[in-house]
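# Notes for the structure review
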Amino acid sequence: MAKVVTESFRVESTNEFVSSFEDSTKNDYYIMGSSSSADNSITNNQKDIREFQRRVVFGNKITPVNVKYMFQINPWTSGIVYDAFDDTEDMSNKNFYVTLLDGPLGETSYKVFKCISNNNGATSTQGPSTALAQNTFETTTEDGYIWKYMFDVPPSDYIQFATSQFLPYVPNTFVEQNAQQGLSDILVESSELGVFNSYVIGTSIDESIVGSGPSSGAINSVIELVAGQKYQVEIICDKEVKSTPDEYSSMYFRIPDQGDIYEITGSEPPVNALPTNKTIFLTVEKLQNEQPVSSNLDASFVGLVGQIVPKIRVSNPNKAAGQRAIAYGVINSTGDLVAVNFKTKGSHYDFAAASVQQPGQPEGTDVQGAVIRPIHSPTGGHGSHPVHELYMSRVETVTTFFTDVTTNIPDSNTYTKVGVVKNPQFTKSSTSSIVAGEKYRITNIGTGDQQNTWNTIAGTANVVYSVGSTFKAVTLGDVTGGEVMILPTSFDNRVKLKFTTVLTDTDVQVGYYVSQTDATGETCSGIVHEVERVSQSSVLGPADTTILHIVDFSGAYNKQFETSSTDLEIRETSTSSSSTYSNPINSVTYNPYQTYTGELLHFVDFDPITRTPESKEKVKLIFDF
């Protein structure tokens, strides 16, 4: 029994992941920087995961604007045979879409096109452009390729998210909403050689050159037979035509310059025609569809090229509101059917059948040996679901670490790891300590009916709050028994120790260890990440104050620093037994992130990155499902 994990399954898993970022009432994601030394590389084991969580230094919250679906960059290149969409193929490993930069990098958008038809496996020599796109957003290039425009990636997005290999997806809702499910193409799978050999009326010059080709002749006269509906058209050909009346009936007459197409209901050579006569009179009738596909013929068409082409019979759409597709065959110089083109693809097709009409025979008589296969668009139509259509099973999360008045990111020392953490736990406190402007999650709703108070704090009205609800405080408040967890936009996770004395370089430097052992023999310790000395009174503290920022800590820190009179040993190294220093601590500010909480989804390590007040580090993490 074969088992297949479809690309759709991978993409759907990606969708679930992206959707989880959008529901802030359930999930919070942070990109965190961890570790101040690169003393070990990481592996996917519980010890390294816990070490990452223990040694978190700082972090930024990720919101939906920081998350993008990603897809492979694939520049259009001349001379390549691109794969056309085929509903019987696994397109995930095909070369079926291209990315084109409109102009200078950083100033213009990337445009993304999907190959609908590759001109019967020909090489691509002209890149697609939206300038020629029809109202269906399909464009036909001179090399015979048909491309579907999907969406743009503006500079503002690819500058922020792009990597050397991937671009971010930026939805184009207008294209998506106007996509039409139905026929994508009709392939010629087999054709009896020379089946239309006796219907070749023109030269063998390339069909793509207007005014030539095996099916082409010149319009010499037009006579209106039935006003606005039926006409007699005289065609002068390069090759001899059939002499038996009506042998061209049940074919189509097409005018390439206009794109118009007509039903041939009769044909006859001129009176007293010689055996080598190259003139044929066609009786043609206009076709109607959702939009007229045939113009009124008159003398203005004389001199234009006319084509006699095989008629492709396409079944009716399976929905009443649909319009029938109109398609015609393309023959080469030996009369082989080599391709099928559309005048209109119709609408509302969930399924279609197609066959080649035998010329000169009643409607429904098929050409024996000609097998053609309709190709159906994806559900919803090309361009309706680009994430699925381009198999976007990668997601990128991005943030920038920098220091200014809007962030809590430290501006000194190093870090060696970053990771994405889902639903970490932060400092919990009573509602009396709420700070206006900060975001919180309720962890205890409090006692009694205090919904009005919650609404006042959050600046809302008639909202029912419960445990797990998130809100942004607009004013201070106090809910009896209420407890909240802060959800910081950015945070500095270092423990801050203040001493009401100046510690010199002899006493303490970055990289020193601080530790203490209590009466029970339990020890807590950490590494000095930054030393601040306050020489004048400021918001940092009174004059002659030293502030130590501690990271990589272990032990029961909260217990050890419950009182402000706790002494702390300062050592050059964790193993040194001399040069210890003991001094009473004036105050302690604990880390907001609760160590070991949250689910570490992805993390990487690297050589130490040094932070300065001017530093900016953009972190891009890609999840490949």
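For the structure itself, consult the block above.
Okay, so let's go over this structure. (Residues numbered from 1 in each chain as written. Predicted model: local features only at pLDDT ≥ 70, side-chain atom pairs only at ≥ 80, totals over all residues. Heavy atoms only, no water.)

### Concerning the environment of Thr443
- Counting through the fold element by element, Thr443 comes out in strand β24 (residues 439-444).
- Setting aside residues up to four positions removed in sequence, Thr443 forms contacts with Lys428, Val467, Glu483, Val484 and Met485. (Helix = DSSP H or I, 4+ residues; strand = E, 2+ residues; numbered from the N terminus. Contact = heavy atoms within 4.5 Å.)

### Quick word on helix α1 (residues 7-22)
- With 16 residues, α1 should reach 22 Å at 1.5 Å per residue; the first-to-last C-alpha distance of 23 Å fits that figure.
- Listing the buried residues of α1 in full gives Glu7, Val11, Thr14, Asn15, Phe17, Val18, Ser20 and Phe21. (Expected span 1.5 Å × (residues − 1). Buried < 20%, exposed > 50% of the residue type's maximum accessible area, 1.4 Å probe, protein only.)

### Quick look at the sheet that holds strand β36 (residues 616-624)
- In space, the four strands of this open sheet follow the order β8-β3-β21-β36, with antiparallel pairing throughout. Strands at the two margins of the open sheet, each flanked by one partner only, are β8 (166-168) and β36. Each adjacent strand pair in this sheet contributes to an overall mean axis angle of 35°, direction not counted. (Pairing = 2+ DSSP bridges. Axes fitted to C-alpha atoms, helices over the stretch in contact; angles between N-to-C directions.)

### Quick word on helix α6 (residues 451-458)
- Those residues of α6 not exposed but buried are Trp454, Asn455, Ile457 and Ala458. One face of α6 carries all of its buried residues, which in axial projection span an arc of 160°.
- Close packing links the buried residues of α6 with β24, β25 (470-472) and β26 (483-486). (Arc of directions from axis to C-beta.)

### Some points on the sheet that holds strand β30 (residues 523-534)
- Taken together, seven strands build an open sheet; the order of strands is β33-β32-β29-β30-β31-β28-β34 and the sheet is antiparallel. With partners counted over all chains shown, the strands left at the sheet margins are β33 (582-584) and β34 (587-589), one partner each. The sheet shows a mean angle of 35° between the axes of neighbouring strands, direction not considered.
- For strand β29 (residues 513-517) and β30, the ladder comprises five bridges, and the chain directions are antiparallel.

### Side note on unusual backbone geometry
- Positive phi values are uncommon outside glycine, yet Asn423 reaches one of about 50°.
- Along the polypeptide, Asn423 turns up in the loop between β22 (414-422) and β23 (428-430).
- The backbone of Asn462 shows a phi angle near 60°, a positive value even though the residue is not glycine.
- Topologically, Asn462 is positioned in the loop between α6 and β25.

### Quick look at the packing of aromatic side chains
- Enumeration over the complete set of coordinates arrives at 33 aromatic pairs.
- An aromatic cluster is present here, built from Tyr69, Phe71, Phe96, Tyr97, Phe151, Tyr169 and Tyr391 joined pairwise through their rings.
- Directly above the ring of Tyr596 sits Arg50, whose terminal nitrogen or CZ lies 4.1 Å from the centroid.
- Stacked on the ring of Phe85, the Lys or Arg Lys114 has its end atom at 4.8 Å from the ring centre. (Phe/Tyr/Trp six-rings, centres within 6.5 Å; stacked < 30°, edge-to-face > 60°. Lys NZ or Arg CZ within 6 Å of the ring centre and 35° of its normal.)

### A closer look at the environment of Gly217
- Note on placement: Gly217 falls in strand β10 (residues 216-226).
- On the accessibility criterion, Gly217 (9% relative accessible area) is buried.
- Along the primary structure Gly217 and Val233 are separated by 16 residues, whereas in three dimensions their C-alpha atoms are 11 Å apart.

### Observations regarding a nonpolar patch on the surface
- A cluster of nonpolar residues, Ile223, Leu225 and Val226, forms a patch on the protein surface that exposes about 240 Å² of accessible area.
- Take Leu225: it is sitting in strand β10.
- Here Leu225 falls in the partly exposed class, since its relative accessible area comes to 45%. (Patch = residues over 30% accessible without salt bridge, like charges linked within 9 Å, V, L, I, M, F, W, Y side chains within 5 Å. Areas by Shrake-Rupley, 256 points an atom, 1.4 Å probe, with all protein chains shown as cover. Salt bridge = Lys/Arg side-chain N within 4 Å of Asp/Glu carboxyl O.)

### Concerning the side chain of Ser109
- Relative to the elements of secondary structure, Ser109 occurs in the loop between β4 (97-101) and β5 (110-117).
- In contact with Ser109, not counting residues within four places along its chain, are Leu100, Leu101, Asp102, Asp152, Val153, Pro154, Pro155 and Tyr158.

### Digging into the pairing of strand β21 (residues 394-402)
- Where strand β3 (residues 67-72) and β21 come together, four bridges link them in antiparallel fashion. Bridged to Met70 within β21 is Arg394.
- Pairing of β21 with β36, which is carried by nine bridges, proceeds in the antiparallel orientation. Among the inter-strand pairings, Glu396 is bridged to a residue of β36, identified as Ile622.

### With respect to the pairing of strand β12 (residues 252-255)
- Where burial is concerned, the two faces of β12 agree: the one with Tyr252 and Arg254 and the one with Phe253 and Ile255 are both buried.
- Taken together, the four bridges between β12 and strand β13 (residues 260-268) define a ladder with antiparallel strand orientation. Within the sheet, the bridge partner assigned to Arg254 lies in β13 and is Ile261.
- Between β12 and β13, which pair antiparallel in sequence order, lie four residues; one of them, Gly259, sits at a positive phi of approximately 80°.

### Some details on the pattern of salt bridges
- This structure, assessed with the given rule, holds 24 salt bridges.
- Its salt-bridge partner being Asp28, residue Lys61 comes within 2.7 Å of it at the nearest N-O pair. In this pair, Lys61 is assigned in strand β2 (residues 56-62) and Asp28 in the loop between α1 and β1 (29-34), connecting sequence segments 33 residues apart.
- Salt-bridge contacts for Glu138 lead to Lys345; the nearest nitrogen and oxygen are separated by 3.1 Å. Linking Glu138 in strand β6 (residues 138-140) with Lys345 in the loop between β18 (337-344) and β19 (354-356), this pair joins segments that are 207 residues apart in sequence.

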